[in-house]
Each structure stands twice: as C-alpha cells, then as structure tokens.
Amino acid sequence: LADSFQDLDAIELPAAPLDMVLSQQGNRLAVLYAWELALFDTETQDKIIELPLIHSALADAVFLGEDRMIYAGENGVTCVNLATKKSEWTVDKGSRIAVSEDESLVAVVSEAGNSAYIYRALDGEKVAEYTFDGRRMQETENTIFADPRDTVFSLSQDGSVLAGDDDVFRSVSDYLCSPPVE
C-alpha cells in the first residue's frame, strides 16, 4: 500500500486545523482553525471564504446541503449562504451545533454550556430552549485549545428528539428531550 499510495489533490493549510467538515456531496471543505473557519472548493482547492469563529476549540460548523453552512461565529451562531457569501441569520453565541437529518431544525449548546436552543434552519427563529438543570455538557478544562470530540449532541431525523450526554448523566437516555407540544 505504501508503495502505491499517491495524493490525488492537496490543499495547503496555513495552520494546524482544530476540525474539518466535508459537505454531503464532498464539494466543499470547512477547515476550523483557532478563531477562523476557511472554506475550500474541493475540486479547485480554491479558498471560497474565511469566517471568524468564537474563541473556543469547541466551535462547530455544519453544512446544510452544498450552499448553506451554520457555524459558531464570533458574533453568534450564523447561517451563511455560500453562493452569495452573505449571512442569512445570526442567533445567540454557542459552540456545539447539531442539525436534524431533514435539515429543518438546528440545536446549539449555549456559550455557557448549561442549556441548548433549538432554531428553525430556514430563518433562525428560536422554537425551544432546554436548561440542563445546573449541569453542563462535558468539556475539557481548557476549551481554548482542546476539544476531545467525545460527547453526544444530536437531533433526531425530524428534530423531535434532542440527545446529548454529560459526565454527570448516567446514560445518554437521561438527556433525551422532546420539544414542547404546541
């Protein structure tokens, strides 16, 4: 294998990444560095856009299709249209981000880590809020430089169930929340 391995393409990165996220079709690559996200076109290796992140290694970015992305921006969690390079909406600051499989809802862990907010992906309208009853999502002592990526934070297919974990919880099922019935 070592004798026959060859790079197909390469993107030179300006610094060591904290995380990388590939779009569903593989056409775009988001690279998260300390306090910045750089988005690349995987076919041409061209940098499409640079976006400022919160000052935390916990910062997330999630693609909605190929032309929209939600990321933990320095001014709040932001949805950006990648075709126009313009922000569609910005909400409260947060770090971890989860999107329902149908891409209708977005869950965000608050900046303090003690609650989660659910927003509509279409317009960023807050539809639910959950407190963690004085507990916090599991994280390292120094979130500026380290993210172990060992926590669960996920929405179900239609966004009706939020799952997460914490070292205080006995199991993931302790953290299941269903949005309020309207």
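See the structure printed just above.
Below is a short write-up of the structure. (Residues numbered from 1 in each chain as written. Predicted model: local features only at pLDDT ≥ 70, side-chain atom pairs only at ≥ 80, totals over all residues. Heavy atoms only, no water.)

### Some thoughts on the environment of Ala15
Here is step 1: Along the chain, Ala15 falls in the segment before strand S1 (19-22).
Here is step 2: As for Ala15 and Tyr33, which are separated by 18 residues in sequence, their C-alpha atoms are 7.0 Å apart. (Helix = DSSP H or I, 4+ residues; strand = E, 2+ residues; numbered from the N terminus.)

### Some details on the pairing of strand S4 (residues 47-52)
Here is step 1: Bridging between strand S3 (residues 36-41) and S4 involves five bridges; their strand directions are antiparallel. Across the sheet, Leu37 pairs through a bridge with Leu51, a residue of S4.
Here is step 2: Count of turn residues in the S3/S4 antiparallel hairpin: five residues, of which Gln45 carries a positive phi of about 65 degrees. (Pairing = 2+ DSSP bridges.)

### Brief notes about unusual backbone geometry
Here is step 1: Positive phi values are uncommon outside glycine, yet Lys85 reaches one of about 60 degrees.
Here is step 2: Summarising the element assignment, Lys85 is placed in the loop between strand S7 (76-81) and strand S8 (86-90).
Here is step 3: Accessibility expressed as a relative area gives 47% for Lys85, which makes it partly exposed. (Buried < 20%, exposed > 50% of the residue type's maximum accessible area, 1.4 Å probe, protein only.)

### Quick look at the nonpolar core
The tendency in soluble globular proteins is for nonpolar side chains to be buried as a group.
Here is step 1: With 32 residues, the main nonpolar core has Ala30, Leu32, Leu37, Leu39, Met69, Ile70 and Ile97 as its most contacted residues.
Here is step 2: Not counting residues up to four positions away in its chain, the partners in contact with Leu37 are Ala30, Val31, Leu32, Ile49, Glu50, Leu51, Leu53, Ala61, Met69 and Tyr71. (Core = buried A, V, L, I, M, F, W, Y, C linked by side-chain atoms within 4.5 Å. Contact = heavy atoms within 4.5 Å.)

### Focus: the sheet that holds strand S10 (residues 105-110)
Here is step 1: Read across the sheet, four strands follow the order S9-S10-S11-S12 without closing on themselves; strand pairing throughout is antiparallel. At either end of the open sheet lies a strand with only one pairing partner, and these are strand S9 (94-99) and strand S12 (126-131). The mean angle between the axes of side-by-side strands here comes to 20 degrees, regardless of whether they run parallel or antiparallel.
Here is step 2: With five bridges joining them, strand S11 (residues 115-120) and S12 adopt antiparallel strand pairing. Along S12, the bridge assignment pairs Ile118 with Ala128. (Axes fitted to C-alpha atoms, helices over the stretch in contact; angles between N-to-C directions.)

### Here's the deal with the pattern of salt bridges
Here is step 1: Under the defined criterion, the tally for this structure stands at seven salt bridges.
Here is step 2: Note that Arg68 and Glu88 form a salt bridge whose closest N and O atoms lie 2.9 Å from each other. With Arg68 in strand S6 (residues 68-73) and Glu88 in strand S8, this residue pair connects regions lying 20 residues apart in the sequence.
Here is step 3: Among the residues examined, Glu88 registers a relative accessible area of 34% and is labelled partly exposed.
Here is step 4: Salt-bridge contacts for Lys126 lead to Asp92; the nearest nitrogen and oxygen are separated by 3.4 Å. Here Asp92 lies in the loop between S8 and S9 and Lys126 lies in strand S12, a separation of 34 residues in the sequence.
Here is step 5: What emerges from the salt-bridge pattern is a single network uniting Asp92, Lys126 and Glu129. (Salt bridge = Lys/Arg side-chain N within 4 Å of Asp/Glu carboxyl O.)

These figures capture arrangement, not role.
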